[in-house]
Amino acid sequence: MITNEMRRNKGQVKIVGMGNGATAESAGMFDQIVKQIQWSSQAQNAYTLARAFQVDGGIGYWRLVTRYVEGE
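Residues numbered from 1 in each chain as written. Predicted model: local features only at pLDDT ≥ 70, side-chain atom pairs only at ≥ 80, totals over all residues. Heavy atoms only, no water.

1. Structural notes on the overall build of the protein chain
Put simply, the rule is: By the criteria applied, helices consist of DSSP H or I runs no shorter than four residues and strands consist of E runs no shorter than two, each listed in order from the N terminus. Here the globule rule reads 2.2 Å times residues to the power 0.38, and the radius of gyration is calculated from C-alpha atoms. Type-normalised accessible area, obtained with a 1.4 Å probe on protein chains alone, sets the label of each residue: buried when under 20%, exposed when over 50%, and partly exposed for intermediate values. Note on definitions: a residue-residue contact is assigned when non-hydrogen atoms from the two residues lie within 4.5 Å.
Looking only at helices and strands, one finds three helices and zero strands in the protein chain. The secondary structure elements of the protein chain, listed N-terminal to C-terminal, are α-α-α. What you see for the protein chain is a C-alpha radius of gyration of 15 Å, clearly larger than the 11 Å of a compact globule of 72 residues, by over 25%. Reported as C-alpha extents along the three principal axes, the dimensions of the protein chain are approximately 45 × 30 × 20 Å. Every one of the 72 residues in the protein chain was classed for burial, and the buried ones make up 14%. Taking the intrachain contacts of the protein chain between residues at least 6 apart in sequence as the baseline, contacts between residues at least 24 apart amount to 46%.

Spelled out as structure tokens, the structure:
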């Protein structure tokens, strides 16, 4: 029951511009890039699996790794 409720209320990464030259406009641009990456990498599968481990075993997590790939 809990896992099904978690599937209905999906989590996601949110980008917020908070000073040092960051604006709401630039945060919105990065937010769209992250959403595209999540869609193409099927990130919801990782979120769902982490939630299942959280409910069943008491701990579940995922991490966001950023890397610059030159030439792509």
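2. Things to note about the layout of surface pockets
Which entries qualify depends on this criterion: In this analysis, the protein atoms alone were mapped onto a 1 Å grid. Cavities are point sets where a 1.4 Å probe fits without being able to get out; pockets are open sets with protein on both sides within 12 Å along at least five of seven lines; lining residues have an atom within 4 Å of a point. Grid points are joined across faces, edges and corners, and a volume is the space filled by probe spheres set on the points. Residue classes follow a fixed rule: Ala, Val, Leu, Ile, Met, Phe, Trp, Tyr, Cys and Pro count as nonpolar, while Asp, Glu, Lys and Arg count as charged, and any other residue, Gly among them, counts as polar.
In this structure, the largest pocket occupies an estimated 390 Å³ of space. Along its surface, the largest pocket is lined by 16 residues, and Val34, Ile37, Leu64, Val65 and Thr66 are the ones closest to its centre. Sort the elements by how many residues they give to the lining of the largest pocket and helix 2 (residues 24–40) lands first, with four residues. Of the residues assigned to the lining of the largest pocket, the class counts are 11 nonpolar, three polar and two charged.

3. Brief notes about helix 2
Under the convention used in this document: Expected span of a helix: the number of residues minus one, times 1.5 Å. This arc is taken over the directions from the axis of the helix to the C-beta atoms.
The first and last C-alpha atoms of helix 2 sit 24 Å apart over 17 residues, in line with the 24 Å expected at 1.5 Å per residue. Here helix 2 has its buried residues at Ala27, Asp31, Val34 and Gln38. Buried residues of helix 2, viewed axially, fall in a sector of 65°; they line one side. Looking at helix 2, the residues exposed on the side facing more than 90 degrees away from the buried face are Glu25, Gln32, Trp39 and Ser40. Buried residues in helix 2 make contact with helix 3 (43–57). Just past helix 2, the residue glutamine 42 takes up positive phi, approximately 55°.

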